[in-house]
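Notes for the structure review
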Amino acid sequence: MNICKAINYAASELKNNSINSARLDSEILMSKVLKKDRKYLIVNSKSELNDKQYLNFRKLISDRLRGKPVAYLTGSKSFWKYDFDLNSNVLIPRPDTELIIEQVLEIYKNKKRINFLEVGTGSGCIILSVLKEKKSFFGTGADIRKECLQITKINAQKLKVNNRLKLIKSDVDNLILGKYDLIISNPPYIKFFKLSNLNREIKDFEPHVALNGGIDGLSEIRKTVKKSSELIKCRGKLILEIAHDQKNEVKKILKQNGFYINKIVKDLAKNDRCVVSTKI
């Protein structure tokens, strides 16, 4: 079978299984199999696939039909300006999370050097993007899972920022190193009882430990804010990603722990998504 026919057949299957990005997904997975970009697929659409290539492609399509996200099938996801390696141990980076990068770069645009901490590194996409943009910043990444730290280390070496990065296997409660100019975090913030209502690609494949915010969705945020109040320098910043309906509760938690709320930033869908605060 040639490339064009294989993609068309796969796209039809995916579409019939209610996968909206059927054509795009099929092309991305074919690119993965052939180790070529999508432009190559167009120019060489009539080229025949050998048996091994076709079987590999069908395996990926079969996994996609089960709901497995494309990012896990390709082992890569674009975030900010860079491509990050990832696997099913880490959350897939979302465009909304790029708001944290934007805020850091805006706040520290005239600052040459800071020491900052990320609580919950996951794939490392946030901390590493900041380090890549700001050549004199030094970052510490903390996560409770060694699998996350391993993938962060791989991405740090890939982006050549590993000499300005320190990684710690720790829960936020046990962090004792400081003081930091800035702490950033995209903590788990989905209410426990809502996990089962998530899209199957998320609930069946992404790590629940990176999603589960407890009964009210705020348990990890509370812990992060409380510990950050001890670790941040006076006048230092805390930047958090939050759920669209958590603004008032998070503002209350921040104020109770000695933070001044600078601003709430909305995402592309006009939902409250990012809180910028200052330790006072």
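In this text the structure is predicted, and so the values were computed from the model without any measurement.

**Points about the overall build of the chain**
The helix and strand inventory of the chain stands at 11 helices and nine strands. Seen through its principal axes, the chain has C-alpha atoms that stretch 65 × 40 × 30 Å. Pairs at least 24 apart in sequence give 66% of the contacts found in the chain among residues at least 6 apart. Carbon together with sulfur atoms contributes 50% to the accessible area of the chain, which is approximately 14100 Å² in total. With 54 positive and 31 negative side-chain charges, the chain shows a separation of 4 Å between the mean positions of the two kinds.

**Quick look at helix H2 (residues 22-34)**
Between its first and last C-alpha atoms H2 spans 18 Å; for 13 residues at 1.5 Å apiece the expected length is 18 Å, and the two agree. The set of residues buried in H2 consists of Ala22, Asp25, Ser26, Glu27, Leu29, Met30, Ser31, Val33 and Leu34. Where H2 is buried, its residues touch helix H1 (3-16), helix H3 (38-43), helix H4 (51-65) and helix H5 (70-74). One or two residues past the end of H2 sits Lys35, with phi positive at roughly 60 degrees.

**What about the sheet that holds strand S7 (residues 232-241)?**
Spatial ordering of the open sheet is given by S5-S4-S3-S6-S7-S9-S8, a layout of seven strands whose pairing is mixed. Since the sheet does not close on itself, it has two edges, and those belong to strand S5 (165-169) and strand S8 (259-266), each with one partner. Pairwise comparison of adjacent strand axes, ignoring direction, gives a mean angle of 15 degrees for this sheet. In this structure, S7 lies alongside strand S9 (residues 272-279), joined through five bridges in antiparallel fashion. Looking at S9, one finds that Lys237 is bridged to Thr278.

**Quick notes on the packing of H1 against H4**
Across the interface, H1 lies against H4 with an axial gap of 10 Å and an inter-helix angle of 15 degrees. For the element pair H1 / H4, the angle class is roughly parallel. Crossing handedness for the pair H1 and H4: right-handed. Residues Ala6, Ile7, Tyr9, Ala10, Glu13 and Leu14 of H1 touch H4, and the partners they reach there are Tyr54, Phe57, Arg58, Ile61, Arg64 and Leu65. When grouped by side-chain class, the residues that make up the contact of H1 with H4 number nine nonpolar, no polar and three charged.

**Overview of the environment of Ala210**
With respect to the helices and strands, Ala210 occurs in the loop between helix H9 (200-203) and helix H10 (219-231). Spatially, the C-alpha atom of Ala210 lies 34 Å from that of Gln53, the residues being 157 residues apart in sequence. Beyond its immediate sequence surroundings of up to four residues, Ala210 is in contact with Leu91, Arg145 and Pro188.

**A look at the pattern of salt bridges**
Applying the stated criterion across every chain yields a total of 22 salt bridges. Here Lys233 makes a salt bridge to Asp181, at a shortest N to O gap of 3.1 Å. One end of the pair, Lys233, is in strand S7; the other, Asp181, is in strand S6 (residues 180-185), with 52 residues separating them in the sequence. Asp267 is the salt-bridge partner of Arg273, the closest N and O atoms lying 3.0 Å from each other. The pair formed by Arg273 and Asp267 is uniform in burial state, with each residue classed as buried. Counted as one network, the salt bridges with shared partners bring together Asp171, Asp173, Glu220 and Lys223.

**Considerations on the side chain of Lys227**
Secondary-structure assignment places Lys227 in helix H10. In this structure Lys227 comes out as buried when scored by relative accessible area, which is 11%.

**Looking at the pairing of strand S4 (residues 138-143)**
Of all six residues in S4, five are buried, a share of seventy percent or more. Note that strand S3 (residues 115-119) and S4 share five bridges and pair parallel. Along S4, the bridge assignment pairs Phe116 with Gly139. Both S4 and S5 contribute to a ladder of five bridges, which runs parallel. Note on S5: the bridge partner recorded for Thr140 is Lys166. Read as a crossover between parallel neighbours, the route from S4 over helix H8 (residues 146-159) to S5 is right-handed.

Conventions adopted
Within each chain, residue numbers correspond to sequence positions counted from 1 in written order. Side-chain atom pairs in this predicted model are given and counted only at pLDDT of 80 or more, local residue features only at pLDDT of at least 70, and totals for whole chains, interfaces and linings cover all residues. To get the side-chain values, take all heavy atoms of the structure and skip hydrogens and water. Helix and strand definitions here come from DSSP, where helices need a minimum of 4 consecutive H or I residues and strands a minimum of 2 consecutive E residues; each element is numbered from the N-terminal end. Any two residues whose heavy atoms approach within 4.5 Å are treated as being in contact. Using a 1.4 Å probe, the Shrake-Rupley method yields the accessible areas, and only the shown protein chains count as cover for residues. When charges are counted, Lys and Arg contribute as positive and Asp and Glu as negative, whereas His and the chain ends are disregarded. Think of each charge as sitting on NZ of Lys, CZ of Arg, CG of Asp or CD of Glu. The length a helix should cover is 1.5 Å for every residue beyond the first. For every residue, the accessible area (1.4 Å probe, protein chains only) is compared with the maximum for its type, and the residue is labelled buried under 20%, exposed over 50%, or partly exposed between those bounds. Paired strands, as defined in this entry, are two strands with at least two bridges between them according to DSSP. Axis geometry follows a simple rule: fit a line to the C-alpha atoms, using only the stretch in contact for helices, then measure angles between N-to-C directions, giving values from 0 to 180 degrees. Working rule for angles: under 35 degrees goes down as roughly parallel, over 145 as roughly antiparallel, 65 to 115 as roughly perpendicular, anything else as oblique. What makes a crossing left-handed is the near helix being turned counterclockwise from the far one by less than a right angle; a clockwise turn instead makes it right-handed. Each residue is assigned to one of three groups, with Ala, Val, Leu, Ile, Met, Phe, Trp, Tyr, Cys and Pro labelled nonpolar, Asp, Glu, Lys and Arg labelled charged, and all others, Gly among them, labelled polar. Definition used for salt bridges: Asp or Glu carboxyl oxygen within 4 Å of a side-chain nitrogen of Lys or Arg. Crossover handedness is defined here as right-handed if the route from the first strand over the helix to the second strand goes clockwise, with the strands pointing away from the viewer.

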